[in-house]
Amino acid sequence: MKALKKSVWVFHVNTGACNNCDIEIVNLLTPKFDVERFGIRLVGSPRHADALLVTGVGTRQAAKRLQEVYRQTAKPCVVFCMGACAGGTGIFEGAYHVAGPVDKIIKEVDPNAIIAYVPGCPPKPEAMISGVVKALAAI
Amino acid sequence: MGAVFEGKGEGKEMSALSNVIFWIVVIPGTIIAGLVASWIVRKVSALVQWRVGPPFCQPLYDVMKLMGKEILVPRDGQRTVFIAAPLVGLAGVLVLSMMLLRITAAQTAFVGDIIVAIYLMVLPSLALILGSSASASPHAAIGTGREMKLVMGYELPLVLAFVVVIIKTGGQLNLATIAQNAPVLSVSGMLAFLVSLLCVQAKLGFVPFDIAESETEVASGVIMEYSGALLAVWKVMQTTMLVALPLFLVMVFLGGFGVSTVGAVAAGIGKYVLVLVLLILIKNTNPRLRIDQAMRFFWVYCGIALVAAVALAMIGDCYGIHWL
């Protein structure tokens, strides 16, 4: 578990975002912010991931898929809710397509899930880095 | 280290003490050297991209973290092959490294060992193909097909490049005697070295030939369904290949890795680092090829270059022109 703090492999899941947070996440993984210093790496498969970067309010269609992706992620893992929508439905409060904020969807599958929230619309890449570092220090 | 190797010349057996030390140290030493080599790859890539890159122990942290995660086996997958494949791959690469390091340390070899080395180099690719086809996943199936096509593409040019070296050294099949010449200093040898460099790039799974394990295209293709300790074994296998394959290229093309003096050891390490840096620079300056482009590259362009190299080598051997 100590090594988990030094080497975090992230997988990006979009559950119906407007793409703003997704663009900021992809910006985060470019050489400009150099998250490889912290051991953070983007991987292509949830089975390889330690952290799920979830963006977007949980739409009804994406809810089941998000739960499936969470079950396929090898535990122990952390779920990062990036942005206002993932944190608590943001501006889509009460809309017809919303199946609940992301933490409600994940807790249906695993009540003991470790979930961290990075607010912002979209959160700046520096805020995301700070959120990841703080969450890893708190595990 | 000099005191351990004194009292023996080229071609003599090692003393009993250095023998024991060698056999105790070789497997952990190879794995640690592989982790250091993979750090060198990541650090040089970072420097080429004007950023800082990971700390020195990062590959070790990655492997230790992976050992602590759970292992998920797909429900429809073939359990035995799924679990055995990474172990077979790692075993093959470790045997290859042991053989090459033994030949380097003792400066003796057996006849036909270059054929054994070529045979052992296929094992990691074969293990990847078996492991991904046991994964019962459509993405892994695409990765399997691509890896099979890639192996069919680069195996023939790789073997032909070694045939060029065998012709140039006068029909020797013994790695220790091949390592005493430097075939790269001739035209056909240089052609063969460049082609074999690209084939090794494909075998290591580096861009432009990381078609099978393409992260963004097929969600990590061949090793997609692996997690936890099995994934750690795959990663250690890939990093150990970073020790064995450039060392093999140094022994075959660049004049070997001598251990008789400190200067020879330093020169050997310099040659190994040169090959590694060439692989890293090719990796960082190229996009990924499609599988049909890669096959056309290996069969048509590398094939023509190697046919020319073989012809030049045979002409040079017949008429005694050494620089051909």
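Structural data are supplied above this passage.
Parameters at a glance
- Residues numbered from 1 in each chain as written.
- Chains lettered and ligands numbered in written order.
- Predicted model: local features only at pLDDT ≥ 70, side-chain atom pairs only at ≥ 80, totals over all residues.
- Helix = DSSP H or I, 4+ residues; strand = E, 2+ residues; numbered from the N terminus.
- Rg over C-alpha atoms; globule rule 2.2 N^0.38 Å.
- Buried ≥ 20, exposed ≤ 12 C-beta atoms within 10 Å, placed from the backbone.
- Expected span 1.5 Å × (residues − 1).
- Bend = angle between axes of the 7 residues up to and from the residue.
- Pairing = 2+ DSSP bridges.
- Contact = placed C-beta atoms within 7 Å.
- Axes fitted to C-alpha atoms, helices over the stretch in contact; angles between N-to-C directions.

Undergrad: Sorry, what's going on with the overall build of chain A here?
TA: Across its full length, chain A carries six helices and five strands. Reading chain A from its N end, one meets helices and strands in the order α-β-α-β-β-α-β-α-α-β-α. In terms of overall dimensions, chain A is globule-like: its C-alpha atoms have a radius of gyration of 14 Å, near the 14 Å expected for 139 residues. By principal-axis analysis of the C-alpha atoms, chain A measures approximately 40 × 30 × 25 Å. Counting across all 139 residues of chain A, residues that qualify as buried make up 47%.

Undergrad: Explain helix H4 (residues 79-106) of chain B to me, please; I cannot follow it from the model alone.
TA: Since the α-helix advances by 3.6 residues per turn, residues separated by three or four positions end up pointing in the same direction. Residues and elements named next belong to chain B. For H4, built from 28 residues, the straight-helix expectation of 40 Å at 1.5 Å per residue is met to within 8% by its first-to-last C-alpha distance of 41 Å. At alanine 85, H4 shows its largest kink, close to 30°, and the proline proline 86 lies no more than four residues downstream. With its phi angle positive at about 55°, glutamine 107 sits one or two positions after the end of H4.

Undergrad: It is not clear to me how the pairing of strand E4 (residues 78-82) of chain A should be interpreted in this structure. Could you clarify?
TA: A regular strand places its side chains so that they alternate between the two faces of the sheet. All names here are of chain A. Within E4, five of the five residues are buried, which leaves it mostly tucked inside the rest of the structure. Every second residue of E4 is oriented toward a common face, with Val78, Phe80 and Met82 on one face and Val79 and Cys81 on the other, all of them buried. Sheet topology note: the E4/strand E5 (residues 114-118) ladder contains five bridges and is parallel. Considered in E5, the bridge of methionine 82 is made with valine 118.

Undergrad: Mind showing me how you'd approach the sheet that holds strand E2 (residues 41-42) of chain A here?
TA: Hydrogen bonds between backbone atoms are what pair the strands of a sheet, whose relative direction is either parallel or antiparallel. All names here are of chain A. Spatially, five strands are ordered E2-E1-E3-E4-E5 in an open sheet, and the strand pairing comes out parallel. Pairing within the sheet leaves two strands with one partner each, and these edge strands are E2 and E5. Two strands pair when backbone bridges link them, and strand E3 (residues 51-55) and E4 are joined in this way by five bridges, in the parallel orientation. Counted as the bridge partner of threonine 55 is methionine 82 from E4. Packing of helix H6 (residues 125-138) onto the sheet brings it into contact with E4 and E5, and relative to E5 it is tilted by some 150°.

Geometric values such as these leave the question of function open.
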